[in-house]
Amino acid sequence: MESGRVGVYLACRIFPVLRTWCYKNSSCLSSAFISTSKKNKETAFVSESLIKEKTAEDFANVKSELEKNWVSYGWSFESKEEDRSSYRSACFMGITVCIVGGGFVLFYIPDFRNKQWSVREAFLQLHRREKLGLPLVDKNLIDPSKIELPSDEELGDSEIII
């Protein structure tokens, strides 16, 4: 058998979803697998003395067996009830209070970066300048005497775009 078919066959045996694809496209299962090992007719036998019949008494103490072998969540190693209640309380506090309550607080927090204030202030300044008849943006916003421009020698041949 060629290696491609062996890989497809093994994939079809390992992944059951691919079996339907293999049966529809039977090219991957078309070759026969012949076993050359010696046939052994021996079978395993279990004597009846090893098989124990289950009685009602065996099922009566199942709950006590489960309580004896409980696995702690790490809150209390002595009491199962205290461990479970502490675990459930911690999960409730962690999920409900912290995530839901924290999200609520973050959503309704006041404007701590003053984003809305700056926008409101800009609109108030525009309205004030319109009422006074001033241009909306003053060309001399910064006093020209405070600006130091480079000299013609410093600029050289660089292009000036206005």
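Thresholds applied
Residues numbered from 1 in each chain as written. Predicted model: local features only at pLDDT ≥ 70, side-chain atom pairs only at ≥ 80, totals over all residues. Heavy atoms only, no water. Helix = DSSP H or I, 4+ residues; strand = E, 2+ residues; numbered from the N terminus. Buried < 20%, exposed > 50% of the residue type's maximum accessible area, 1.4 Å probe, protein only. Areas by Shrake-Rupley, 256 points an atom, 1.4 Å probe, with all protein chains shown as cover. Expected span 1.5 Å × (residues − 1). Polar contact = N/O pair within 3.5 Å; in protein donor to acceptor, adjacent residues only side chain to side chain. Contact = heavy atoms within 4.5 Å. Patch = residues over 30% accessible without salt bridge, like charges linked within 9 Å, V, L, I, M, F, W, Y side chains within 5 Å. Salt bridge = Lys/Arg side-chain N within 4 Å of Asp/Glu carboxyl O. Phe/Tyr/Trp six-rings, centres within 6.5 Å; stacked < 30°, edge-to-face > 60°. pLDDT = per-residue confidence, 0-100.

Things to note about the overall build of the protein chain
Piece 1. Regarding its fold elements, the protein chain presents 7 helices and 0 strands.
Piece 2. Counting all 162 residues of the protein chain, 4% fall into the buried class.
Piece 3. For the protein chain, the exposed area adds up to about 15,500 Å²; of that, 60% sits on carbon and sulfur atoms.

Notes on helix H5 (residues 80–107)
Piece 1. The end-to-end C-alpha distance of H5 is 39 Å, a good match for the 40 Å that 28 residues give at a rise of 1.5 Å each.
Piece 2. At the N-terminal end of H5, a side-chain oxygen is found 3.2 Å from the backbone nitrogen of Glu-82, two or three residues along, and the residue is Ser-79.

As for the side chain of Ser-76
Piece 1. Within the secondary structure, Ser-76 sits in the loop between helix H4 (62–68) and H5.
Piece 2. You can call Ser-76 buried: its relative accessible area is 4%.
Piece 3. Of note is the side chain of Ser-76, whose polar atom sits 3.4 Å from the backbone nitrogen of Ser-79.
Piece 4. Sequence-distant contacts of Ser-76, that is, excluding residues within four places in its chain, are made with Trp-70, Glu-82 and Asp-83.

A look at the side chain of Asp-83
Piece 1. One can find Asp-83 in helix H5.
Piece 2. On the basis of relative accessible area, Asp-83 is assigned to the buried category, the value being 0%.
Piece 3. A polar atom in the side chain of Asp-83 sits 2.8 Å from the backbone nitrogen of Tyr-73.

As for a nonpolar patch on the surface
Piece 1. On the surface, a nonpolar cluster with roughly 480 Å² of combined accessible area is contributed by Val-119, Phe-123, Leu-126, Leu-136 and Val-137.
Piece 2. Mapping Val-119 onto the fold places it in helix H6 (residues 115–132).
Piece 3. When its relative accessible area of 44% is taken as the criterion, Val-119 is described as partly exposed.

Description of the packing of aromatic side chains
The relation between two aromatic rings is expressed through the spacing of the ring centres and the mutual angle of the planes.
Piece 1. All told, the structure shown has 3 aromatic pairs when counted by the stated rule.
Piece 2. With a centroid separation of 3.8 Å and an interplanar angle of 5 degrees, the aromatic rings of Tyr-73 and Tyr-87 are classed as stacked. Remark: Tyr-87 occurs in helix H5 and Tyr-73 occurs in the loop between H4 and H5; sequence separation between them is 14 residues.
Piece 3. With a centroid separation of 4.9 Å and an interplanar angle of 55 degrees, the aromatic rings of Phe-104 and Tyr-108 are classed as tilted. This pair shows no difference in class: Phe-104 is exposed, exactly as Tyr-108 is.
Piece 4. Cluster of aromatic residues (ring-pair linked, three or more members): Phe-104, Phe-107 and Tyr-108.

Looking at the confidence of the model for the protein chain
Piece 1. Scored by pLDDT, the protein chain has a mean of 77; 64% of the residues are at 70 or more.
Piece 2. Helix H2 (residues 17–24) is the least confidently modelled element of the protein chain, averaging 53 in pLDDT, while H6 averages 92, the highest of any element.

With respect to H6
Since one α-helical turn is 3.6 residues long, residues separated by three or four positions face the same way.
Piece 1. Relative to the 26 Å expected for 18 residues at 1.5 Å per residue, H6 spans 26 Å between its end C-alpha atoms, a close match to the ideal helical length.
Piece 2. Once H6 finishes, Gly-133 follows within two positions and takes phi at roughly 80 degrees, a positive value.

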